[in-house]
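Residues per chain, in single letters:
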Amino acid sequence: MPMKTRQGAALERKKFFADPAMVTTIALLAVLLALFILYPLAMLLMDSVHVQETETILLETVLSGDADIKYETDESGRKSVRVLDSKNKENLIALDDLTGAYGSLFVKNGRAIRDGDTIDPAKTYIKFDKNYWTLDAFPRIFKDYTFNNAFFNTLKLGMITSFGAVIVGLLFAYVDCYVSVKSRIIKKMFDVVSTLPVVSPPFVLSLSMILLFGRGGLITRKLLGIYDSDVYGLSGIAIVQILTFFPVCYMMLKGLLKNIDPSMEEASRDMGASRWKVFTTVTLPLMLPGLGNAFLVTFIESVADFANPMMIGGSYDTLATTIYLRITGGSYDTTGAAAMAVVLLSITLVLFLIQKYYLEAKTAATLTGKASRARVAITDNSVRIPLTTICSVISAFVILMYIAIPFGALFKLWGRDYSLSLKWFEQLFRDDGFKAFKDSFILSIIAAPITALLSMIISYLVVKKKFHGRGAIEFISMLAMAVPGTVLGVGFIRGFARGVFRTGLLQGIYGSGLILVIVFVIRSLPVGTRSGISALRQIDKSIEESAYDLGAGSTKVFTSVTLPLIKDSFLSGLVTTFVRSITAISAIILLVTPRYLLITCRINEFAEKGAYGVACAYATILIAIVYAAILLMNLCIKYMGTSRRTKVKEID
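The rules behind the values
Residues numbered from 1 in each chain as written. Predicted model: local features only at pLDDT ≥ 70, side-chain atom pairs only at ≥ 80, totals over all residues. Heavy atoms only, no water. Helix = DSSP H or I, 4+ residues; strand = E, 2+ residues; numbered from the N terminus. Contact = heavy atoms within 4.5 Å. Areas by Shrake-Rupley, 256 points an atom, 1.4 Å probe, with all protein chains shown as cover. Buried < 20%, exposed > 50% of the residue type's maximum accessible area, 1.4 Å probe, protein only. Salt bridge = Lys/Arg side-chain N within 4 Å of Asp/Glu carboxyl O. Axes fitted to C-alpha atoms, helices over the stretch in contact; angles between N-to-C directions. Parallel < 35°, antiparallel > 145°, perpendicular 65-115°, else oblique. Left-handed = near helix turned anticlockwise from the far one by under 90°. Nonpolar A, V, L, I, M, F, W, Y, C, P; charged D, E, K, R; others polar. Pairing = 2+ DSSP bridges. pLDDT = per-residue confidence, 0-100. 1 Å grid on protein atoms, 1.4 Å probe; cavity = no way out; pocket = protein on both sides within 12 Å on 5 of 7 lines; lining within 4 Å. Points joined across faces, edges and corners; volume = space filled by probe spheres on them. Phe/Tyr/Trp six-rings, centres within 6.5 Å; stacked < 30°, edge-to-face > 60°. Lys NZ or Arg CZ within 6 Å of the ring centre and 35° of its normal. Patch = residues over 30% accessible without salt bridge, like charges linked within 9 Å, V, L, I, M, F, W, Y side chains within 5 Å.

**Concerning the overall build of the protein**
Part 1: Check the secondary structure of the protein and you find 25 helices and eight strands.
Part 2: Within the protein, counting contacts between residues at least 6 apart in sequence, those at least 24 apart form 75% of the total.
Part 3: In the structure as shown, the protein presents an accessible area of about 31,900 Å², 61% of it carried by carbon and sulfur atoms.

Structure representation (structure tokens):
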């Protein structure tokens, strides 16, 4: 390393460690990320290979030495066994000293033997603790039909959803960037539809599918006279997921298409190539890394989705729903559930690493900079009319599904009596509906500023500071994007139900509102961090250096210079976190207790009971809250934003 470089690095380190506020911030941030992201995942992994359980064995079998338990030797060299007393405290007892003085001895009906009782080894049982490491859970679950069925179902659903979402997203992006849409109404409709599923609760479309195409569906039963329609299963989930996730693909592919230089495509046209030929030989090859990127992002979202398969899946099990049912469905197989969660996490984590560190970089290398000039929109009716018609039909279908939700709350009995009534809203507020909205609103409001501030701090450290561990902080903060909500929920249960590392430390947060706020923050952190990093990379470092030269510390520079410049991203992160938190279900359904009522859990609960009117009433109010929050954010950015959009003429 050249001397100048070494001296520069040494000076940078000296400046860094001379700033106690910065060092303290990084240390606290590292502890928080390790405790609430890495630790729950580590405990989940440990639970899949570590067994802690209490077993009861016939005393006669223990005394004969036939029992498969671990013997130890006490201080006098006698063969002993470690058993639990009536207070669940471990005791090392010699086999020939076992008496009724210990609460670990039981008769068949479960009554503990007391002093003076006659002990019949053939009718007495001993309770002991099993604590060992094993990989048996993985071979066991891979032999389990339920797991295998759910595993392949999940992969199949992911492939179908990803292909469908990429195709629909590409179609909308192509029409937006290449085709002349003359009707302003249709153009506006495309814009609305491409953003609706992104900000709405995850299960709204599932609820709409049941209302419109189920056995009592408005379209299937009322209009078409079909009385045995079945929307549950693979086809129902796939349609709902495609419509839910295609806007993500649309936004990713729209940016790629705008950056393709139109001169390359026009050169092919000038040589006589048809528009289809130009698309397949010029446009598509340039987009392939971006298409792969969009495919993997959608695949991760699909396999991690819990809400839609739970509501409309029927007997079509996925890994997310199987893990949930394995814990709550009666069997309570925590080791098996942990092993399944590790498998699901492995799938999403591998795809996340490929998407983030390979395809994103390849996409950026393929399409660099901006197009040299504006593209001439396609006005040819042979192209414009078919593509616009397809997008219009899809848009109308999505809008119809969203309209069904408020009407589902207003009709007296969907499928039977379509007269208008407010009975479902009345029932909602009569059955603790106000508490559900209050709890959800308060917890989401608390999580929003915490996430927005943490996101901006992480973004600032990643973009503006140089220190060892910077890459690790960025990776860990983004890791929650790859962790399915159900997996994170199981990790928090195993990590905090008995305290950190089973010591009782922080056990009090389990079952409280604090753990829900923490999960909301962790789930929204990647989105806010990405937004902050993008905003900070556009700020010239000389602006902050001027503040440092005037004697300001890092805290002062961040709060008075950097944060005001990225106010738009901060506000966006604030509202995004609020929306994601108030509409979350997969990460918190295993953690919520009767002490807290959350809107999404109530919708899921009423939908499972078949009370679709109440579920629609909850969903209607939730959608109104979400869109009010987004409208408020847009107004704040409009009147408080840091930038004023003006047309800038580029000078060559």
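After presenting the structure, the write-up continues.
**So, unusual backbone geometry**
Part 1: Even without a glycine there, the phi angle at Arg502 is positive, about 65°.
Part 2: You can see Arg502 is positioned in the loop between helix 19 (485–496) and helix 20 (513–536).
Part 3: Classification of Arg502 by relative accessible area gives partly exposed; the value is 23%.
Part 4: Not every positive phi belongs to a glycine, and Leu506 is a case in point at roughly 65°.
Part 5: Mapped onto the elements, Leu506 comes out in the loop between helix 19 and helix 20.

**Focus on the pattern of salt bridges**
Part 1: Taken as a whole, this structure holds eight salt bridges when the rule is applied.
Part 2: For Asp47, the salt bridge goes to Arg502, with nearest N and O atoms at 3.0 Å. One end of the pair, Asp47, is in helix 2 (residues 20–49); the other, Arg502, is in the loop between helix 19 and helix 20, and 455 residues separate them in sequence.
Part 3: On the basis of relative accessibility, which here comes to 5%, the residue Asp47 falls in the buried class.
Part 4: The partner of Arg602 in a salt bridge is Glu605, and the shortest N-O contact between them spans 3.5 Å.

**Looking at the packing of helix 2 against helix 18 (residues 470–479)**
Part 1: Their axes nearest at 10 Å, the elements helix 2 and helix 18 cross at an angle of 40°. The orientation of helix 2 relative to helix 18 falls into the category oblique. In the packing of helix 2 onto helix 18, the handedness of the crossing is left-handed. Residues Ile26, Leu29, Leu33, Ile37, Leu38 and Leu41 of helix 2 form the contact with helix 18, whose participating residues are Ile473, Ile476, Ser477 and Leu479.
Part 2: Residues that form the contact of helix 2 with helix 18 fall into these classes: nine nonpolar, one polar and no charged.

**As for the side chain of Thr486**
Part 1: With respect to the element layout, Thr486 can be found in helix 19.
Part 2: When residues no more than four places from it in sequence are discounted, the contact partners of Thr486 are Phe306, Ala320, Ile323, Tyr324, Ser586 and Leu590.

**Here we look at the pairing of strand 8 (residues 417–420)**
Part 1: Bridge count between strand 7 (residues 411–413) and strand 8: two bridges; the pairing is antiparallel. Counterpart to Leu413 in the pairing with strand 8 is Asp417.
Part 2: Here strand 7 folds back onto strand 8, and the loop between the two strands holds three residues, one of which, Gly415, carries a positive phi near 95°.

**Digging into the confidence of the model for the protein**
Part 1: For the protein, the mean per-residue pLDDT works out to 82, and 86% of the residues sit at or above 70.
Part 2: When pLDDT is averaged over each element of the protein, helix 5 (residues 145–178) comes out on top at 93 and helix 1 (residues 3–17) at the bottom at 61.
Part 3: pLDDT under 50 marks residues 643–652. Its contacts with residues more than four places away, or in other chains, come to three contacts.

**With respect to the environment of Ile347**
Part 1: Its location among the elements puts Ile347 in helix 14 (residues 334–366).
Part 2: Of the residues examined, Ile347 reaches a relative accessible area of 16% and is grouped as buried.
Part 3: It is 9.5 Å that separates the C-alpha atoms of Ile347 and Leu155, two residues lying 192 residues apart in sequence.
Part 4: Among all residues touching Ile347, those that are not within four sequence positions of it are Phe151, Leu155, Phe299 and Leu319.

**Examining empty space enclosed by the protein**
Part 1: Applying the stated criterion across every chain, the model contains two cavities of 30 Å³ or more.
Part 2: Approximately 50 Å³ is the volume attributed to the largest cavity.
Part 3: Lining the largest cavity we find Ser440, Leu443, Ser444, Phe520, Ser581, Ile582, Ala584, Ile588, Leu598, Ile599 and Thr600.
Part 4: If you list the elements that add at least two residues to the lining of the largest cavity, you get helix 17 (433–464), helix 23 (567–582) and helix 24 (599–609).

**Overview of the environment of Val561**
Part 1: Here Val561 shows up in helix 22 (residues 554–565).
Part 2: Assessed through its relative accessible area of 17%, Val561 is described here as buried.
Part 3: When the C-alpha atoms of Val561 and Ala547 are compared, they prove to be 7.8 Å apart, with 14 residues separating the residues in sequence.

**Concerning the environment of Leu591**
Part 1: Its location among the elements puts Leu591 in the loop between helix 23 and helix 24.
Part 2: Leu591 gets classed as buried once you look at its relative accessible area, which sits at 3%.
Part 3: The spacing of Leu591 and Thr486 is 105 residues in sequence and 10.0 Å in space, taken between C-alpha atoms.
Part 4: Once residues within four sequence positions are removed from consideration, Leu591 is found in contact with Gly489, Phe492, Ile493, Tyr510, Ile515, Leu516 and Val519.

**Structural notes on the packing of aromatic side chains**
Part 1: Under the counting rule described, the total for this entry stands at 25 aromatic pairs.
Part 2: Above the face of the Trp424 ring, Lys423 is positioned so that its terminal group lies 4.5 Å from the ring centre.
Part 3: The ring of Phe606 carries Lys609 above its face, with NZ or CZ at 5.3 Å from the centroid.

**Brief notes about a nonpolar patch on the surface**
Part 1: A cluster of nonpolar side chains, namely Met159, Phe163 and Ile167, defines an oily patch on the protein surface of about 310 Å² accessible area.
Part 2: Assignment of secondary structure puts Ile167 in helix 5.
Part 3: Residue classification places Ile167 among the exposed residues on the basis of a relative accessible area of 56%.

**With respect to the side chain of Asp439**
Part 1: By the secondary structure assignment, Asp439 is in helix 17.
Part 2: The contact partners of Asp439, leaving out residues within four places of it in the chain, are Arg595, Tyr596, Leu597 and Leu598.

**Digging into the packing of helix 7 (residues 204–213) against helix 9 (residues 234–258)**
Part 1: Helix 9 packs onto helix 7 with a crossing angle of 135° between their chain directions and a minimal axis gap of 9 Å. Classed by the angle they form, the pair helix 7 and helix 9 counts as oblique. Remark: the crossing between helix 7 and helix 9 carries right-handed chirality. Every residue of helix 9 that contacts helix 7 at Leu205, Ser206 and Met209 is listed here: Gly236, Ile239, Val240, Leu243 and Thr244.
Part 2: Partitioning the contact of helix 7 with helix 9 into residue classes produces five nonpolar, three polar and no charged.

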